[in-house]
Amino acid sequence: MSNSNDHDWESFCRLGEAIGDGLHHEDPWIAKEYKRLQKILLPKTDLEKNIEKKIRIKRNENINIQIIERLKKDKCICGSNLKQVRSGSKTVVCKNEECKKKYTYNSRKK
Ligand SMILES: [Zn+2]
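Keep in mind that this is a model prediction, so the values were computed, not measured.

S.K.: Looking at this structure, how should I read the overall build of the protein?
M.R.: Per the secondary structure count, the protein includes three helices and three strands. Moving toward the C terminus, one meets the helices and strands of the protein in the order α-α-α-β-β-β. Taken over the C-alpha trace, the protein has a radius of gyration of 21 Å; the compact-globule value for 110 residues is 13 Å, which it surpasses by more than 25%. Judged by the C-alpha coordinates and their principal axes, the protein covers about 65 × 35 × 30 Å. Burial analysis of the protein (110 residues in total) assigns 5% to the buried set.

Now the structure itself:
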């Protein structure tokens, strides 16, 4: 192991302790830096990446189904139809080029 790597590990451990103490709530960069070092020091295996990808795809599919259901009934206040901005997004945009109003569905249940 190189010296620069040792240094990274040291920072990584220190940041881990800070997060344990809840300091990352006060300093958001701590969590950010921790994640950056985690990627360098503990790269994810292909298996982990595959699982995460599958979860993400499944999540996107579920959102898409929900949005498609909603868009069957919902329309923009201008009367035009709405479309999803991108797959997996809960944000929809008016199809009317002159309107282009955006709406975001939240997942809270009524
Ligand atoms: Zn509109």
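And the narrative resumes.
S.K.: Help me understand the environment of lysine 101, please; the structure alone is not making it clear to me.
M.R.: One can find lysine 101 in the loop between strand S2 (91–94) and strand S3 (102–104). Once the C-alpha coordinates of lysine 101 and threonine 91 are considered, the two residues, ten residues apart in sequence, prove to be 10 Å apart. Ignoring sequence-local partners within four residues, the contact set of lysine 101 consists of Cys76, Ile77 and Cys94.

S.K.: Help me understand the sheet that holds strand S1 (residues 82–84) in this model?
M.R.: The pairing of strands in a sheet happens through backbone hydrogen bonds and is either parallel or antiparallel. Pairing is antiparallel in the open sheet, where three strands are placed in the order S1-S2-S3. Edge positions in the sheet fall to S1 and S3, since each has one partner strand and no second. Neighbour-to-neighbour, the strand axes of the sheet open up by a mean angle of 30°, direction not taken into account. Relative to S3, S2 runs antiparallel, the two sharing three bridges. Bridging across to S3, valine 93 finds its partner in lysine 102.

S.K.: Got a minute to help me understand unusual backbone geometry in this structure?
M.R.: We note that lysine 100 has phi near 50°; this positive angle belongs to a residue other than glycine. Looking at where lysine 100 falls in the secondary structure, it is placed in the loop between S2 and S3.

S.K.: Would you explain the environment of alanine 31 in this entry?
M.R.: With respect to the helices, strands and loops of the structure, alanine 31 is situated in helix H2 (residues 28–41). When the C-alpha positions of alanine 31 and leucine 15 are compared, they lie 7.7 Å apart, and in sequence the two are 16 residues distant. When sequence neighbours within four positions are dropped, the list of residues in contact with alanine 31 reads Ile19 and His24.

Criteria and thresholds
Residues numbered from 1 in each chain as written. Predicted model: local features only at pLDDT ≥ 70, side-chain atom pairs only at ≥ 80, totals over all residues. Helix = DSSP H or I, 4+ residues; strand = E, 2+ residues; numbered from the N terminus. Rg over C-alpha atoms; globule rule 2.2 N^0.38 Å. Buried ≥ 20, exposed ≤ 12 C-beta atoms within 10 Å, placed from the backbone. Contact = placed C-beta atoms within 7 Å. Pairing = 2+ DSSP bridges. Axes fitted to C-alpha atoms, helices over the stretch in contact; angles between N-to-C directions.

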